[in-house]
Every structure is written in structure tokens, then in C-alpha cells.
Amino acid sequence: SPAPAQNRPLLPEPALTAPAGTLVLETGFDVVAGEPSYVTGVERTRWDGPLLRLVYSPARNVELDIEWVARVGVTGEEGRGDIQSSDWGDATLRAKWRIVEGETGHPTVGARFGVVLPQTSYEDVEFNPLGLGPNTLRAFVEGLLTQPIGRGRLHFDAGLFLHDEVVRAHDQRDFVSYALAFEWPATGRLALLAEVTGRAGDGEPGAEVRSEARAALRLGSGRLKWDAALRRGIATADGTWGVTVGF
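Here's what I pulled together on the structure shown here. (Residues numbered from 1 in each chain as written. Predicted model: local features only at pLDDT ≥ 70, side-chain atom pairs only at ≥ 80, totals over all residues. Heavy atoms only, no water.)

## Considering unusual backbone geometry
The linkage connecting Arg8 with the following residue, Pro9, adopts the cis geometry, with an omega of 0°. Looking at the element boundaries, Pro9 is found in the segment before strand S1 (23–36). Here the bond from Gly49 into Pro50 is cis, since omega is 0°, no more than 30 degrees from zero. Here Pro50 lies in strand S2 (residues 43–59). Phi at Asn135 is positive, roughly 55°, even though this residue is not glycine. (Helix = DSSP H or I, 4+ residues; strand = E, 2+ residues; numbered from the N terminus.)

## A word on the environment of Thr120
One can find Thr120 in the loop between strand S7 (108–117) and strand S8 (138–149). Judged by its relative accessible area of 2%, Thr120 is buried. Separated by 12 residues in the primary sequence, Thr120 and Leu132 have C-alpha atoms spaced 7.0 Å apart. Ignoring anything within four residues of it in the chain, the contact list for Thr120 reads Val72, Asp87, Trp88, Gly89, Asp90, Leu132, Gly133 and Asn135. (Buried < 20%, exposed > 50% of the residue type's maximum accessible area, 1.4 Å probe, protein only. Contact = heavy atoms within 4.5 Å.)

## Comments concerning a nonpolar patch on the surface
A cluster of nonpolar side chains, Leu23, Leu25, Leu54, Tyr56, Ile66, Leu93, Leu117 and Leu137, forms an exposed patch at the surface whose accessible area comes to about 710 Å². Elements supplying a minimum of two residues to the nonpolar patch: S1 and S2. Its place among the elements puts Leu93 in strand S6 (residues 91–100). Residue class for Leu93 comes out partly exposed when judged on its relative accessible area of 36%. (Patch = residues over 30% accessible without salt bridge, like charges linked within 9 Å, V, L, I, M, F, W, Y side chains within 5 Å. Areas by Shrake-Rupley, 256 points an atom, 1.4 Å probe, with all protein chains shown as cover. Salt bridge = Lys/Arg side-chain N within 4 Å of Asp/Glu carboxyl O.)

## Side note on the pattern of salt bridges
In the structure shown here, the tally under the stated rule is 30 salt bridges. Between Asp227 and Arg8 there is a salt bridge, with its nearest N and O atoms 2.8 Å apart. With a gap of 219 residues between them, Asp227 in strand S13 (residues 224–233) and Arg8 in the segment before S1 connect regions that are remote in the sequence. Here the two residues Asp227 and Arg8 agree in accessibility, since each one is buried.

## What about the nonpolar core?
Counting residues in each nonpolar core, the largest one holds six residues, listed as Leu51, Val69, Val72, Val74, Leu130 and Leu132. Those residues within four positions of Val72 in sequence are excluded, and the remaining contacts are Arg46, Trp47, Asp48, Ser85, Ser86, Asp87, Trp88, Gly89, Thr120 and Leu132. Leu10, Ala181, Leu193 and Ala229 belong to the second largest nonpolar core, which has five residues in total. (Core = buried A, V, L, I, M, F, W, Y, C linked by side-chain atoms within 4.5 Å.)

By themselves, these figures tell us nothing about what the structure is for.
This is the structure:
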């Protein structure tokens, strides 16, 4: 059975919302290999975590959440030498509004708004470009749709993602964001999940086109659930293979 306000290990956001007063904490750790540095183009292994996400429902059709990736870093980057290999991660603020509550067999419709606040530095103390994060503001607005299909649920998100450029001041990249995910409750304690998510448009180094696929499972019932997913980068900027685990 689905857990209200729970998102991990998926990136798409369901249109569903949790009952008023619900509070959910999510945490996890991500790793992916073969991600190219947007500064040098050299491939490395990237890790992000632990992620901390707190979701609160002030009303039955509204969710507010704050997310912070405590640390981001890379290993195996040839030629990096003594340049800093990790830094603080970014923080994200989101608000979701369920506009239409779907009845049995009918879709639920919602909208989500958010902003990513940069915490990861562009340069280290010696002014060496890090290539760990863009250190720019990002904002997004998306429409959300959740459609029951038998025992499962299909989630579809689409919207606009605005990304300030890294190397040119007073300019930005406008992307179409998209996400498609499917959840299937195999048993009372095990759910199988799959997704494709990303952003499409005209990218630049640091503000790239992105796309990723995940195959995942969620295990547990009641107040505690565990999750794990296999990640596959589709766009060059997303690397090759990776994993995420959390609860």
C-alpha cells in the first residue's frame, strides 16, 4: 500500500497528498559512476548524502517540504590532485497542492512549485573550480497527475524548470521538466517501482540537459519503510550506473 507523502526512491512527485497533520522524514544516499565534470569533462564517481527531507501536511490537500543534501563529493577524478573533493549540498523548498481528488479509478491532479537554494560552492578557497555543483538558483513549476491502473499507480509530471547559468551572468536556461513513474504493490510489504525523469532543452555546462531511469523496490509497512533503486543515466551529464538506498 502507498505511504502518503512518501517519495523515495522515486524522483517524480505523485499528485496525492497526505492527511492534515502528517509529518514524514526521508533520508537516503546516492552514488553514480561515470558522471563528467562540467568544468573539465573528466568522468568520476559522484556521491550525494545523506539526503534529509521533511514533509508536512498543513491541510489534507497541501504538502510543504524542505530537503537538504548534507554533503556531495566525487572520487576517482583524474588530475584532481589536491582540489577539494566534497562540499555542502543544496537545499530545496517545495509546495504541493492537490487540485482534484480522484475518485475510484479516476486521476488525481495537482501542482508543485519549488526553488533550489545553492549551498555547493563553485570554487574552493584557492579559486579552483570544483565542478561539484552550479552554485546557482533554480526554480520550477509542474503539473502532477496520478492515475490508478489496476492495483498500481501511474505518476506523470510535466512543467518548466528555470536554471541560472554558471559561466554567464544575468542569463538562464529554460527547460521542460518531465517524469513518468509506475508503482505496483507486489505484496502487502513490497512495492515495485520504475521511472524515467529529466529535463529537456538547450543546455550549457553546469546547466545541462538531464535524464535518468530507475528500477526500484520499497519494503516495509506501517511507519517505517526501506527503499533501494538501481540508477541508469540516459543523458551524458547523469553518468552511467548507480544506486540509491534510504528509508
